[in-house]
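Listed below are the residues making up each chain.
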Amino acid sequence: MRFGILSDIHGNLEALDAVLGALEGERIDRYLCLGDIVGYGASPNECLDLVTGLTTVVIAGNHDHAAIGKLDIATFNPFAAEAARWTRRQLTPAGRRYLAELPYTRRIGDLYAVHASPADPPAWHYLTSLGRVIEGFEALPAGVTVCVLGHTHSPGIFESRIAEDRCREVPAQVHVMALESRYIVNVGSVGQPRDGDPRAAYCVFDVGEGRLEIKRVSYDVETAQRKIRAAGLPDLLAERLAHGR
Ligand code: ZN
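This text gives an overview of the structure that appears in the document. (Residues numbered from 1 in each chain as written. Predicted model: local features only at pLDDT ≥ 70, side-chain atom pairs only at ≥ 80, totals over all residues. Heavy atoms only, no water.)

What follows covers the packing of helix 1 (residues 13-23) against helix 2 (residues 44-54). Viewed as axis vectors pointing N to C, helix 1 and helix 2 meet at an angle of 25°, and their least axial separation amounts to 9 Å. Relative to helix 2, the element helix 1 lies roughly parallel. Where helix 1 crosses over helix 2, the handedness of that crossing is left-handed. The residues of helix 2 that touch helix 1, namely those facing Leu13, Leu16, Asp17 and Leu20, are Glu46, Cys47, Leu50, Val51 and Leu54. Grouping the constituent residues of the contact of helix 1 with helix 2 by class yields seven nonpolar, no polar and two charged. (Axes fitted to C-alpha atoms, helices over the stretch in contact; angles between N-to-C directions. Helix = DSSP H or I, 4+ residues; strand = E, 2+ residues; numbered from the N terminus. Parallel < 35°, antiparallel > 145°, perpendicular 65-115°, else oblique. Left-handed = near helix turned anticlockwise from the far one by under 90°. Contact = heavy atoms within 4.5 Å. Nonpolar A, V, L, I, M, F, W, Y, C, P; charged D, E, K, R; others polar.)

The following block contains the structure:
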């Protein structure tokens, strides 16, 4: 079984198209989407259509909830709040209903999917410290060996060695899983990377080979930027795509 895992598309159709194109040659059996399909980018409905046609395994993100009024945008920075209000106006009634019904988590065998953190998913914690990552590992259901998530827009693989009671970030984008270890994989962001690399990020998980891979693909940033500006969204949201920040 090979999973193709996408997160934080954020209405960026150009980035999503590039990722789906790259995944065409990957012999993917099943796709997962870890939330934040909308928010920031200029193509929320187009991205929703593509994701719903791709998979039924889709998790709710905080921006999906903000766009339908399920999350108070008072917690958002002014640019994110403006994008959430704009997105709210664009969504179709069917799109709103779809986003409202997304679950916070899904389990597929030993694989667990969540948007932000397995520890209290609706609190949308950012796994930006090792303490938060350890808290995430502790919250995983028994039997789960791999948890995939997004939310920070910075990809990374974290390993918890059960016998040694030790947790570390794996210093590689490709990792062959060790027995007796559990993993939290931040798959990064398709539509708005923030790790300094502007290329779209996604993950391929080969269960049989125990192989976790974070991959990158270039996309048409200029077109995505032009559409953000044409929509009247904050210029910063276009500008940051060029820098991956
Ligand atoms: Zn996001």
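On to the pattern of salt bridges, then. All chains considered together, the criterion is met by 14 salt bridges. A salt bridge links Arg199 to Asp197; its shortest N-O distance comes to 2.8 Å. By relative accessible area, which is 36% here, Arg199 ends up partly exposed. A salt bridge links Glu213 to Arg211; its shortest N-O distance comes to 3.4 Å. (Salt bridge = Lys/Arg side-chain N within 4 Å of Asp/Glu carboxyl O. Buried < 20%, exposed > 50% of the residue type's maximum accessible area, 1.4 Å probe, protein only.)

The strand order across the open sheet built from five strands is 2-1-10-11-8, with neighbouring strands paired in mixed fashion. At either end of the open sheet lies a strand with only one pairing partner, and these are strand 2 (30-33) and strand 8 (174-176). Strand-to-strand, the axes of this sheet are offset by a mean angle of 20°, without reference to chain direction. Examined bridge by bridge, strand 1 (residues 2-6) and strand 2 share four bridges and lie parallel to one another. (Pairing = 2+ DSSP bridges.)

With that settled, consider the layout of surface pockets. Vacant regions in the atomic arrangement are exposed by a probe of water-molecule size rolled over the atoms. Space inside the largest pocket adds up to approximately 260 Å³. Partitioning the lining of the largest pocket into residue classes produces seven nonpolar, seven polar and three charged. (1 Å grid on protein atoms, 1.4 Å probe; cavity = no way out; pocket = protein on both sides within 12 Å on 5 of 7 lines; lining within 4 Å. Points joined across faces, edges and corners; volume = space filled by probe spheres on them.)

Attention now moves to the coordination of the zinc ion. Looking at the metal site, the zinc ion is ligated by Asp8 (OD), His10 (NE2), Asp36 (OD) and His153 (NE2), spaced 2.0 to 2.3 Å from it. Given four donor atoms and angles of 86 to 180° at the metal, the environment of the zinc ion is assigned as irregular. Relative accessible area serves as the criterion here: at 1%, His10 is assigned to the buried category. (Donors = N, O, S within 2.8 Å, 3.2 Å for Na, K, Ca; no water. Tetrahedral: all angles 85-135°; square planar, octahedral: opposite > 155°, others 65-115°.)

Among the residues of helix 2, those classed as buried are Pro44, Cys47, Leu48 and Val51. Projected down its long axis, helix 2 carries its buried residues within an arc of 100°, all on one side. Facing away from the buried side of helix 2 by more than 90 degrees, the exposed set consists of Asp49 and Gly53. At its buried positions, helix 2 is contacted by helix 1, strand 2, helix 4 (78-90) and helix 5 (93-100). (Arc of directions from axis to C-beta.)

Turning our eyes to something else, we now look at empty space enclosed by the protein. The full count for this structure, using the stated rule, is two cavities of 30 Å³ or more. Roughly 40 Å³ of internal volume is contained in the largest cavity. Here the lining of the largest cavity is built from residues that sort into four nonpolar, five polar and no charged. Taken as a whole, the second largest cavity spans an internal volume of roughly 40 Å³.

A word on the nonpolar core. Residues Leu6 and Ile37 are the most contacted members of the largest nonpolar core, which totals 49 residues. Looking at this core, the elements with two or more residues in it are helix 1, strand 2, helix 2, helix 3 (62-67), helix 4, strand 10 (200-206), helix 7 (221-230) and helix 8 (235-243). No other element matches the seven residues that helix 1 contributes to this core. Look past the residues within four positions of Leu6 in its chain and what remains in contact with it is Leu16, Val19, Leu20, Leu23, Tyr31, Leu32, Cys33, Leu34, Leu54, Val187 and Val190. Counting residues in hydrophobic clusters, the runner-up holds 20 residues, among them Ile157, Val170, Phe205 and Ile214. (Core = buried A, V, L, I, M, F, W, Y, C linked by side-chain atoms within 4.5 Å.)

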